[in-house]
Amino acid sequence: MDYQLQSSYTERPSLFELFAQDELTDLLQPAVKYVLSILATRYPRYLLRLVNKHEEFYALIMLIVESHYLRTQNASFTESFYGLKRRNRPAFEPTHSSPYLDKHHQAFDKLTKGQIYGSLVFLVGVPYLRTKSKELYDIWGGNTSGELFRDSEHSQQEVWSTYKRTFKKVYPYANLALESILLSYNLRYMFNSTPFYRPWLQWMNIDIRRATLADLVCLISSKSSNNKSLLRKIPSYLLSSLKTALPVTLFILKFLQWWYSSQSPRLQHEEAKKANDSRTPPPAKLTKHPESAVKDAHIRYGIDPLTGEPLENATLTPTGYVYSFKSLFDYVEKHNRCPVTLKPVKVTQLRKVLL
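Residues numbered from 1 in each chain as written. Predicted model: local features only at pLDDT ≥ 70, side-chain atom pairs only at ≥ 80, totals over all residues. Heavy atoms only, no water.

Student: Just give me the short version of the side chain of T194, but keep the residues and values in it.
Tutor: When you line up the elements, T194 lands in the loop between α9 (155-190) and α10 (199-203). The class of T194 is buried, set by a relative accessible area of 4%. For T194, the side chain forms a polar contact with the main-chain nitrogen of F196, separated by 3.3 Å. Sequence-distant contacts of T194, that is, excluding residues within four places in its chain, are made with R12, Y185, R188 and Y189. (Helix = DSSP H or I, 4+ residues; strand = E, 2+ residues; numbered from the N terminus. Buried < 20%, exposed > 50% of the residue type's maximum accessible area, 1.4 Å probe, protein only. Polar contact = N/O pair within 3.5 Å; in protein donor to acceptor, adjacent residues only side chain to side chain. Contact = heavy atoms within 4.5 Å.)

Student: Account for the sheet that holds strand β4 (residues 322-324), with residues named and values stated.
Tutor: Taken together, the three strands give an open sheet; going across it, the order is β4-β3-β5, and neighbouring strands pair in antiparallel fashion. For this open sheet the edge positions go to β4 and β5 (351-352), each flanked by a neighbour on one side alone. As judged from the two bridges shared by strand β3 (residues 314-316) and β5, these two strands associate in the antiparallel manner. Its bridge partner being in β5, L316 is matched across the sheet by R351. (Pairing = 2+ DSSP bridges.)

Student: Give a detailed account of the packing of helix α2 (residues 15-42) against helix α3 (residues 44-52), specifying residues and quantitative values.
Tutor: Between α2 and α3, whose axes approach to 7 Å, the crossing angle comes to 150 degrees. Classified by the angle between their axes, α2 and α3 sit roughly antiparallel to one another. Pair α2 / α3 crosses with left-handed handedness. Seen from α2, the contacting residues are L36, S37, L39, A40, T41 and R42; seen from α3, they are P44, L47, L48 and V51. Considering only residue class, the contact of α2 with α3 consists of seven nonpolar, two polar and one charged. (Axes fitted to C-alpha atoms, helices over the stretch in contact; angles between N-to-C directions. Parallel < 35°, antiparallel > 145°, perpendicular 65-115°, else oblique. Left-handed = near helix turned anticlockwise from the far one by under 90°. Nonpolar A, V, L, I, M, F, W, Y, C, P; charged D, E, K, R; others polar.)

Student: Describe in detail the nonpolar core, supporting the description with residues and values.
Tutor: Here is a general trend for soluble globular proteins: nonpolar side chains tend to be buried in one another's company. In this structure, L18, Y197, L201 and I208 are the most contacted members of the largest nonpolar core, which totals 16 residues. Put simply, the parts of the chain that give this core at least two residues each are α2, α8 (113-140), α9, α10 and β2 (206-210). Look past the residues within four positions of L18 in its chain and what remains in contact with it is P13, L84, Y189, Y197 and I208. Residues L24, L28, M62 and F77 belong to the second largest nonpolar core, which totals 10 residues. (Core = buried A, V, L, I, M, F, W, Y, C linked by side-chain atoms within 4.5 Å.)

Student: Pulling in residues and values, what's your account of a nonpolar patch on the surface?
Tutor: On the surface, Y34, V35, I38, L39, Y43 and Y46 cluster together into a nonpolar patch covering about 600 Å² of accessible area. A per-element tally of the nonpolar patch places α2 first, with four residues. Looking at the secondary structure, you find I38 in helix α2. Look at I38 and you get partly exposed, because its relative accessible area is 42%. (Patch = residues over 30% accessible without salt bridge, like charges linked within 9 Å, V, L, I, M, F, W, Y side chains within 5 Å. Areas by Shrake-Rupley, 256 points an atom, 1.4 Å probe, with all protein chains shown as cover. Salt bridge = Lys/Arg side-chain N within 4 Å of Asp/Glu carboxyl O.)

Student: Explain the pattern of salt bridges to me, using residue names and the numbers behind them.
Tutor: Per the counting criterion, the structure on display carries 11 salt bridges. The partner of R89 in a salt bridge is D207, and the shortest N-O contact between them spans 3.2 Å. Of this pair, R89 sits in the loop between β1 (84-88) and α6 (98-101) while D207 sits in strand β2, and the two are 118 residues apart along the sequence. Judged by its relative accessible area of 1%, D207 is buried. Salt-bridge contacts for K134 lead to D138; the nearest nitrogen and oxygen are separated by 3.3 Å. Of the two residues, K134 and D138 both sit in helix α8, four residues apart, roughly one turn of that helix. A single salt-bridge network, built from bridges that share partners, covers E56, K132 and E135.

Student: Give a detailed account of unusual backbone geometry, specifying residues and quantitative values.
Tutor: Unlike most non-glycine residues, N74 shows phi in positive territory, near 55 degrees. Note that N74 resides in the loop between α4 (54-73) and α5 (77-81). For N192, which is not glycine, the phi dihedral falls at a positive 60 degrees. By secondary structure assignment, the location of N192 is in the loop between α9 and α10. For N192, a relative accessible area of 58% gives the class exposed.

Next up, the structure:
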């Protein structure tokens with residue numbers, strides 16, 4: 001009994017795992033569109049049409065990818081990424097003999113051709129139709145101002161306008177009904193009242209389980225027993241490597257997004273360098289007046305030009321020279337000028353310098 005509970009726990013995925021793979025599926029299309037739009041800015045001649053027909057292009061790519069994973073791994077691309085598989089649900093679940101029947105039941109668990117085709121319809125076709133329906137509803141969802149100017153003689157335009165009005169009324173209720181059905185199946189799956197978390201899986205008699213070690217061994221053995229030439233195996237290897245390439249690609253995209261963002265250290269350093277380059281340099285220090293009595297040897301760093309001694313209470317004049325406060329104050333109070341440049345300076349213009 002303990003083994004049965006443990007087996008059912010390890011094989012039946014939680015609802016959060018199924019939600020995670022659904023979210024990954026929803027994120028793939030915007031990610032592919034974003035990459036195509038970036039590349040189309042550099043190569044518009046070749047990629048602009050693909051961006052304009054992105055839904056059709058993405059559906060074709062996913063049809064190839066999902067078909068490969070359903071045939072080879074009994075799972076969709078995102079389900080395989082999360083270690084899940086699709087199983088042709090048996091009429092009776094094996095209980096006590098399940099550890100001995102894992103290897104022998106691999107052939108019975110495999111999806112039939114009808115189940116594979118049905119899975120492709122709901123993995124690729126239905127999401128494509130929902131995307132196009134939402135796009136049409138966003139386009140036609142505005143005010144029907146065009147109907148005020150239509151000509152009653154054009155029956156084709158009248159039929160088309162009637163179709164638009166019907167679609168705009170039906171789509172919200174149809175979408176609400178579908179979401180309500182999905183919610184009810186999610187709740188039933190969460191409380192173990194059904195093994196199917198989607199209605200179409202129940203129609204096709206397919207349940208989703210965690211992939212076990214026996215599934216991995218069966219997959220490796222099927223690949224090793226394949227007698228195809230290396231050239232024929234290349235497409236299969238490329239499609240199988242998508243599961244590994246996906247996290248690497250997402251990491252690279254996130255890194256590039258951070259690298260070219262305003263928070264990147266590289267851009268912050270470049271902006272700081274531009275700010276320093278564009279900053280107005282301070283004015284040059286005025287030269288000594290020929291009639292000044294200050295010795296040239298006294299005009300150096302840390303020395304009072306008036307006394308030739310080290311600075312005490314350094315004080316700055318508007319002309320750019322630094323003196324000791326006592327000697328400078330006495331000189332400016334008496335002569336009202338800078339000792340070196342002989343420019344007019346007042347006592348109120350003296351500034352203390354903190355060294």
